[in-house]
Each structure stands twice: as structure tokens, then as C-alpha cells.
Amino acid sequence: MPAMKNTSQKKSAPHVETHFDNEISPVVVKRWPRRRGEKLRAWDGADRFLLNAFSERFVDCAPGQINVVVVNDSCGAVALPLIASGHHVKSIGDSWMSREALVVNARDNETDLTHWTSLWPFDLLEAHTFDSAAPTCVLMRIPKDLGFFEYQLQQLATQLPAQATLIFGGMDKHMPNSTMKIVEKYFLEPAMSLGKFKAHLIVATSGKIDIPKLAEITPLKVPGLGGVVQGMPGVFASQQLDIGARFLLPHIPEPEEGDNAIRNIADVGCGNGVLGLLAAQRDINANVYFCDESAMALHAAQHNAKHIFPQRSFHFHHNNGLDGLDVKFDLMLLNPPFHRGHAVDTGVAEMLIQHCARHIAPKGRMLMVANRHLAYGPMLKRNGFSARLVDQNEKFIVLDARIK
Ligand code: SAM
């Protein structure tokens with residue numbers, strides 16, 4: 001007799017596979033920050049394909065006898081199996097969260113990170129020792145932002161030894177048609193693989209002589225700001241001012257007349273720093289903190305702050321949200337992200353709102369611009385804020401939120 005279905009049983013949360021079986025060394029990989037009910041896996045077919053291609057090509061190279069560079073690894077899925085099998089790996093990436101994911105996953109897998117080096121995209125690769133007698137292999141995930149991809153290719157092309165093997169990987173659904181053309185500009189003999197695991201690879205070699213210069217990014221005019229803002233590759237809205245940010249800018253307050261208190265202001269998820277820079281101009285005595293998890297974003301914000309306010313000093317906080325800061329803020333500015341990689345996800349926005357709730361001064365305000373189709377009102381409420389609608393148009397709302 002067939003077993004009776006237990007209709008009263010609760011549906012269990014979908015299980016996300018964390019065991020990453022691959023050709024180098026199986027590992028457990030999870031996203032970071034760890035979230036209950038996480039729905040997104042921490043690796044994909046392109047990670048597996050990259051490791052597969054590495055093991056086929058370098059089967060005869062003993063760990064430690066090859067220079068391995070891993071670029072844009074999102075949670076350590078590419079680097080960790082290599083490190084676990086004894087390779088010395090340099091990881092290059094923009095994201096604090098990705099770097100943290102690798103460190104936490106390494107701890108969970110009991111993987112020793114002694115021979116692992118972590119670099120931000122603008123760090124000089126050549127300053128970090130390469131064994132010149134050993135072959136070099138770069139395994140790179142193709143980033144979403146092709147301007148950033150070119151920036152990274154330029155960096156690699158000018159710094160790698162000749163004859164290095166580069167293997168670029170991307171999922172088919174995210175690989176733009178122009179990828180091959182871009183690789184061709186910086187590397188020799190690029191060749192596209194056959195597809196596998198719903199991904200493709202491009203393999204190329206370093207040593208091109210005529211490496212093109214990067215196209216200049218046009219500086220942005222920010223209404224009300226006495227100076228232009230320079231965008232940088234990989235930074236949100238580097239080519240033009242974000243329309244959400246533009247909508248929030250006029251609402252950034254000046255200090256009230258007669259109030260000479262020195263305020264702490266946070267630009268949370270600062271990107272190139274537009275919001276914090278305007279706040280700094282409107283409140284010339286304020287301590288302004290620019291916070292972002294993207295290294296390139298902070299690099300841009302730092303450059304812009306130095307350029308527009310050469311006499312002032314600011315704080316630049318590279319971390320997940322406001323983690324690691326022991327400051328209460330009188331004014332917090334937030335234009336939250338609502339994507340994680342290619343997926344729409346308001347989880348990061350909610351986490352940043354929670355950070356703001358923890359770091360807001362008793363009479364502080366958080367000014368936030370939000371896409372009106374996303375449910376930020378209830379999100380603010382469940383995190384202790386009461387919000388007043390300050391402005392709206394067909395796409396955005398501006399909220400002035402205070403702790404109840
Ligand atoms: N404030 C800028 C503006 O208005 O143009 C950028 C806003 S953009 C929508 C969101 C920013 O949040 C990005 O720069 C992104 O790197 C940053 N971000 C995403 N996740 C973050 C996190 N966990 N901690 C800090 N910043 C984060």
C-alpha cells in the first residue's frame with residue numbers, strides 16, 4: 001500500500017546545496033553574510049568549468065610550482081579548492097563581502113590561508129612576488145560591468161609576465177557577445193571553448209605589445225555641488241548620475257540656523273560619494289563617513305573628496321555596511337542596492353537599514369531614496385523606524401526616517 005501523504009506536514013525551506021564537488025578538491029561554500037533560508041547557491045557552472053580547465057592544463061604542475069591568480073571569485077568557490085590542494089593563490093576582487101565569504105568558508109573547511117594573498121583591483125600585482133621560473137595561470141570570472149572588465153584586463157595585461165595563461169569564465173546567460181572582442185584587445189590568441197555546465201570559457205595568453213589605453217570616464221556634474229565627480233570603472237553610476245541619487249540630493253539638509261553642533265554624517269553605500277560630498281558641502285563642519293563594500297567605490301569617493309575639498313579630511317570605511325564602526329550618526333544617507341549580482345534582492349538593503357538603526361543618534365535622521373515598487377515602508381517599520389514621505393515621483397520616493 002502506498003504511504004499516505006501527511007498533508008499536515010509543513011513545507012520545509014528549500015535546501016541550498018553547499019557542497020561544491022569539483023575536479024580539484026571538494027569544498028563546502030556558502031554566501032556571506034550567512035542568512036537563514038538562503039536561496040542562492042555560492043557557486044555555479046562557470047566556477048566548476050574554470051577549475052576543470054585548470055586541472056586539464058596544469059595536471060603536471062605540483063602545487064606551489066605555479067603562480068595562480070584568481071579574479072572576481074564571488075565566495076571562494078574557485079580559490080578555495082586550489083588553496084586546499086596546496087596551490088599558492090593570489091585573489092583579486094572588488095568586494096569586501098566576497099573576500100569575507102572566502103575567509104569564513106576557509107575557516108569552515110579548515111583550509112589554511114598562509115599561502116593566500118588578497119588584493120583589491122587597483123593593487124599592483126607586480127609588487128607581489130611571482131616565481132618567474134614558474135608558469136602563471138589566471139582564472140577570472142567575467143564581471144557584470146564590462147567597463148570594469150576592461151579595467152581589470154588592462155591591469156593584468158600590463159603586469160603579468162609574458163606567456164601567462166588566462167582563462168575567463170562566465171555563465172552563458174550572462175556572457176555578453178562583446179566579451180571576445182574585449183579580450184582580443186589585451187591578450188593574444190583568445191579562443192572560445194565549447195560550452196559545458198551552462199557556461200563558456202575563453203582562453204588567451206599574455207604578452208601583447210600594443211596594449212590599448214582605457215577610455216577616459218567623463219566626469220559627472222552633480223547639481224548643487226561645487227566640483228565635478230569622477231566615476232571609476234566598476235563603481236555604481238560611474239557614467240552618469242543615478243536618477244535616484246539625483247532625486248535625493250535636494251533634500252540633503254543644511255544645519256539649522258544657530259546650531260553649531262558638529263554632526264556625524266554617513267553616506268551608507270557611497271559609490272563615488274555624490275551624496276556624502278553634497279552633505280559635506282552643506283555642512284562644512286561635519287564629520288563625513290563614506291562607507292562601501294566595494295574597493296573601487298571607496299577609491300573613487302576618496303579621489304573625489306580630495307579633489308573637491310582638498311583642505312578637509314574625511315573617513316573612508318571599507319567593510320560590510322557599518323560593521324566595525326563605533327559611531328552614532330546625526331544624518332545617514334542611503335540609496336540602497338537592490339541587486340545581488342544578477343538577481344533582484346532587497347536583503348542587502350534590509351541589512352543596511354538594520355545597520356543604520358543601530359548607528360543612528362537619538363535625534364538622528366536617515367534620508368533614503370527608494371524605488372517605489374519595492375516595499376521599503378514595512379521594512380523600515382520592522383526595523384524600528386518611523387518614516388515620513390518627503391518627496392515622490394513616478395519611480396522614486398524619498399523617506400525621512402527616525403527611530404520611533
Ligand atoms: N550612494 C551612491 C549613489 O547614490 O550613487 C551609490 C548607491 S548604489 C545604489 C548602492 C551602493 O551600495 C553601491 O556602491 C554598492 O557597492 C554599495 N553596497 C552594496 N552592498 C553593500 C554592503 N553590504 N555594505 C556597504 N555597501 C554596500
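Residues numbered from 1 in each chain as written. Predicted model: local features only at pLDDT ≥ 70, side-chain atom pairs only at ≥ 80, totals over all residues. Heavy atoms only, no water.

1. Quick word on helix α9 (residues 347-359)
Since the α-helix turns once every 3.6 residues, residues separated by three or four places project in the same direction.
Item 1. Taking 1.5 Å of rise per residue, 13 residues should cover 18 Å, and α9 covers 19 Å from first to last C-alpha, within 8% of that figure.
Item 2. Among the residues making up α9, those that are buried are V348, A349, E350, M351, L352, I353, H355, C356 and H359. (Helix = DSSP H or I, 4+ residues; strand = E, 2+ residues; numbered from the N terminus. Expected span 1.5 Å × (residues − 1). Buried < 20%, exposed > 50% of the residue type's maximum accessible area, 1.4 Å probe, protein only.)

2. Regarding the packing of aromatic side chains
Each pair of aromatic rings is reported with the distance of its centres and the angle of its planes.
Item 1. Counted under the stated rule, the structure contains eleven aromatic pairs.
Item 2. Plain terms: the ring middles of F168 and F187 are 6.1 Å apart, the flat faces sit at 50° to each other, and that makes the pair tilted. With a gap of 19 residues between them, F168 in strand β7 (residues 165-171) and F187 in the loop between α5 (179-186) and β8 (188-192) connect regions that are remote in the sequence.
Item 3. Using a relative accessible area of 1% as the deciding quantity, one classes F187 as buried.
Item 4. Through a chain of ring-to-ring contacts, three or more aromatic side chains come together here, namely F290, F309, F314 and F316.
Item 5. Here the guanidinium or amino end of R99 rests over the ring plane of W96, the centre of that ring lying 5.6 Å away. (Phe/Tyr/Trp six-rings, centres within 6.5 Å; stacked < 30°, edge-to-face > 60°. Lys NZ or Arg CZ within 6 Å of the ring centre and 35° of its normal.)

3. Observations regarding the sheet that holds strand β9 (residues 199-205)
Item 1. Taking strand neighbours across the sheet as the criterion, the seven strands line up as β5-β4-β3-β6-β7-β9-β8 in an open arrangement whose pairing is mixed. The outermost strands of the open sheet, each flanked by one partner alone, are β5 (116-119) and β8. Within this sheet the neighbouring strands show an average axis-to-axis angle of 15°, counted without direction.
Item 2. Across five bridges, the pairing between strand β6 (residues 136-141) and β7 is parallel. Within the sheet, the bridge partner assigned to R141 lies in β7 and is G169.
Item 3. Docked against the sheet, helix α1 (residues 45-57) engages β3 (67-71), β6, β7 and β9, running at close to 155° with respect to β7. (Pairing = 2+ DSSP bridges. Axes fitted to C-alpha atoms, helices over the stretch in contact; angles between N-to-C directions. Contact = heavy atoms within 4.5 Å.)

4. Structural notes on the side chain of D267
Item 1. Relative to the helices and strands, D267 resides in strand β12 (residues 264-268).
Item 2. Among buried Asp, Glu, Lys and Arg side chains, D267 stands out as unpaired, with R312 the closest opposite charge at 12 Å.
Item 3. Reaching out from D267, the side chain makes a polar contact with the backbone nitrogen of G276 at a distance of 2.7 Å.
Item 4. In this structure D267 touches G273, V274, L275, G276, Y289, F290, C291 and L333, once residues within four positions along its chain are discounted. (Lys, Arg positive; Asp, Glu negative; His and termini not counted. Salt bridge = Lys/Arg side-chain N within 4 Å of Asp/Glu carboxyl O. Polar contact = N/O pair within 3.5 Å; in protein donor to acceptor, adjacent residues only side chain to side chain.)

5. With respect to the site of the ligand
Item 1. In the vicinity of the ligand lie 20 residues, with G269, D292, N320, G321 and N335 positioned nearest.
Item 2. A distance of 3.5 Å separates an oxygen atom of the ligand from a polar atom in the backbone of G271.
Item 3. Between a nitrogen atom of the ligand and a main-chain N or O atom of E293, the distance comes to 3.3 Å.
Item 4. If the ligand stood free it would expose 600 Å²; the protein chains cover 92% of that surface. (Near = heavy atom within 4 Å. Areas by Shrake-Rupley, 256 points an atom, 1.4 Å probe, with all protein chains shown as cover.)

6. Topic: the pairing of strand β15 (residues 329-334)
Item 1. The element β15 is largely enclosed, with a buried count of five among its six residues.
Item 2. With four bridges connecting them, β12 and β15 associate as parallel partners. Residue pairing in the sheet places V268 in a bridge with L334 of β15.
Item 3. Alignment of β15 against strand β18 (residues 360-371), held across five bridges, turns out to be parallel. Looking at β18, one finds that M332 is bridged to M366.

7. What to know about the environment of K404
Item 1. With respect to the secondary-structure elements, K404 resides in the segment after β20 (396-403).
Item 2. In this structure, the C-alpha to C-alpha distance between K404 and V268, residues 136 residues apart in sequence, is 21 Å.
Item 3. Among residues more than four places away in sequence, those in contact with K404 are K381, G384, F385 and S386.

8. Description of the nonpolar core
Item 1. Ranked by internal contacts, the top residues of the largest apolar core, which has 65 residues, are L82 and M366.
Item 2. Residue contributions to this core reach at least three from each of two domains, namely domain 1 (19-205) and domain 2 (219-403).
Item 3. Residues within four places of L82 in sequence aside, it is in contact with I24, L51, F54, V68, V70, H87, V89 and L139.
Item 4. Within the second largest apolar cluster, 33 residues are counted, among which are L249, L275, A280 and F309. (Core = buried A, V, L, I, M, F, W, Y, C linked by side-chain atoms within 4.5 Å. Domains from an automatic or database assignment.)

9. Focus: the domain arrangement of the protein
Item 1. Domains assigned within the protein are domain 1 (19-205) and domain 2 (219-403).
Item 2. Between the C-alpha centres of domain 1 and domain 2 there is a distance of 32 Å.
Item 3. At the interface, 19 residues of domain 1 touch 18 residues of domain 2.
Item 4. Carbon and sulfur atoms supply 60% of the area that domain 1 and domain 2 bury against each other, a total of about 1700 Å² over both sides.
Item 5. Sorting the residues of domain 1 by area buried against domain 2 places D94, W96 and K144 first, and these three jointly supply 32% of that buried surface.
Item 6. Where domain 1 touches domain 2, the interface holds zero salt bridges.
Item 7. Linking domain 1 with domain 2 are eight residue pairs in polar contact (both at pLDDT 80 or more).
Item 8. Mapped onto the side of domain 1 that touches domain 2, the elements with two or more residues apiece are α3 (96-108) and α4 (146-159).
Item 9. Among the elements that take part in the side of domain 1 that touches domain 2, α4 stands out by supplying three residues, more than any other.
Item 10. A per-class count over the side of domain 1 that touches domain 2 returns ten nonpolar, three polar and six charged. (Buried area = accessible area lost by both parts, 1.4 Å probe. Nonpolar A, V, L, I, M, F, W, Y, C, P; charged D, E, K, R; others polar.)

10. Concerning α5
Item 1. When α5 is considered as a whole, its buried residues turn out to be T179, I182, V183 and Y186. Seen from one end, α5 has its buried residues packed into an arc of 95°, which puts them on one side.
Item 2. Those residues of α5 that are buried lie in contact with α4, β7, β8 and β9. (Arc of directions from axis to C-beta.)

11. Description of the sheet that holds strand β13 (residues 287-292)
Item 1. Taken in spatial order, the seven strands make up an open sheet running β14-β13-β12-β15-β18-β20-β19, and their pairing is mixed. Each edge of the open sheet carries a strand with a single partner, namely β14 (315-318) and β19 (385-392). For this sheet, the mean inter-axis angle between neighbouring strands, taken without regard to orientation, is 20°.
Item 2. Inspection of the sheet shows β12 paired to β13 by five bridges, in the parallel sense. Residue D267 lies in a different strand from β13, and its bridge partner there is F290.
Item 3. Strand contacts of α9: β12, β15, β18, β19 and β20, with the helix running at about 160° to β18, the strand carrying the most contacts.

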